[in-house]
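Now for the letters of each chain:
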Amino acid sequence: MGIIATILKRPKTEEEKKQKVDELHARFSRLVGPTPELTASEVVKAREEGEDIILVDVRPEVERSVSTIGGAVTLDELDKLDRWKGGERKVVCFCTVGYRSGKETKRLLSDHPSAKVYNMRGSLLAWLFEQQRVVDGDNRETNRVHTYNRTFAVVPNGIEAVY
């Protein structure tokens, strides 16, 4: 099956959808090159254990206004924080599937080599498959997520993809 056919094939089960998110992340990660990564489940566990992690939503406002991870900051807001640049706090970047956040992870590490910056593998889509909540622009829980385009509209049951 060709690359286009593989991308456009719509998975049906939750497990097929998770696998599709992994495949999309892997495909686009090759374009970015190697970056430090944490899985969504690792981020969830670290937060549950009280680790002070800065989540950074690298997507534009039009996407963030539909939904984001509660407590996440933007790149502009991150620039105003200092405690992460020397590695005091982990920074975890995310977007829809991990391509844009991978690029930002590389840029941040280039600018701040001693920082602990990671790309969330599978990003917001993987977060949703961990049964984690998202909030809208008014910080209200929502079941909608902006997936950038139809290709990335691989969401868990009960979540509405917007693109």
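Our structure is the block above this text.
By size, the foremost hydrophobic cluster in this structure holds 26 residues, and its most contacted members are Val 43, Leu 55, Ile 69, Val 92, Met 120, Leu 124 and Trp 127. For this core, the secondary structure elements donating two or more residues are helix H2 (14-32), helix H3 (40-48), strand S2 (53-57), strand S3 (90-94), strand S4 (116-121) and helix H7 (123-129). Looking at which element gives the most residues to this core, the answer is H7, with 6 residues. Val 92 has contacts with Leu 38, Val 43, Ile 53, Ile 54, Leu 55, Val 56, Tyr 118 and Met 120, leaving out every residue within four places of it along the chain. Among the nonpolar cores identified, the runner-up in size contains 13 residues, and Val 56, Leu 78, Leu 108 and Val 117 belong to it.

Here the focus is the pattern of salt bridges. Inspection of every chain in the model, using the stated rule, returns 16 salt bridges. Close ionic contact of Glu 49 with Lys 45 constitutes a salt bridge, the shortest N to O distance being 3.9 Å. Overall, Glu 49 belongs to the exposed group, its relative accessible area being 58%. The salt bridge involving Glu 141 is made with Arg 133; its shortest N-O contact spans 3.4 Å. For the residue pair Glu 141 and Arg 133, the accessibility class agrees, reading exposed in each case. A single salt-bridge network, built from bridges that share partners, covers Asp 52, Arg 83 and Arg 89.

This next bit is on H3. Every buried residue belonging to H3 is among Ala 40, Val 43, Val 44 and Ala 46, and all of these are buried. All buried residues of H3 lie within an arc of 165° about the axis, which places them on one face of the element. Within H3, the exposed residues directed more than 90 degrees away from the buried face are Lys 45 and Glu 48. Next to the buried residues of H3 lie strand S1 (37-39), S2, S3, S4 and H7. One or two residues past the end of H3 sits Gly 50, with phi positive at roughly 90°.

The next thing to look at is the packing of H2 against helix H6 (residues 99-111). Two elements in contact, H2 and H6, have axes whose closest approach is 9 Å; the angle formed by their N-to-C orientations is 35°. Viewed along their axes, H2 and H6 form a crossing whose handedness is right-handed. Listed contacts from H6 to Phe 28, Leu 31 and Val 32 of H2 are Tyr 99, Gly 102, Lys 103 and Lys 106. Grouping the constituent residues of the contact of H2 with H6 by class yields 4 nonpolar, 1 polar and 2 charged.

Procedures and definitions
- Residues numbered from 1 in each chain as written.
- Predicted model: local features only at pLDDT ≥ 70, side-chain atom pairs only at ≥ 80, totals over all residues.
- Heavy atoms only, no water.
- Core = buried A, V, L, I, M, F, W, Y, C linked by side-chain atoms within 4.5 Å.
- Buried < 20%, exposed > 50% of the residue type's maximum accessible area, 1.4 Å probe, protein only.
- Helix = DSSP H or I, 4+ residues; strand = E, 2+ residues; numbered from the N terminus.
- Contact = heavy atoms within 4.5 Å.
- Salt bridge = Lys/Arg side-chain N within 4 Å of Asp/Glu carboxyl O.
- Arc of directions from axis to C-beta.
- Axes fitted to C-alpha atoms, helices over the stretch in contact; angles between N-to-C directions.
- Left-handed = near helix turned anticlockwise from the far one by under 90°.
- Nonpolar A, V, L, I, M, F, W, Y, C, P; charged D, E, K, R; others polar.

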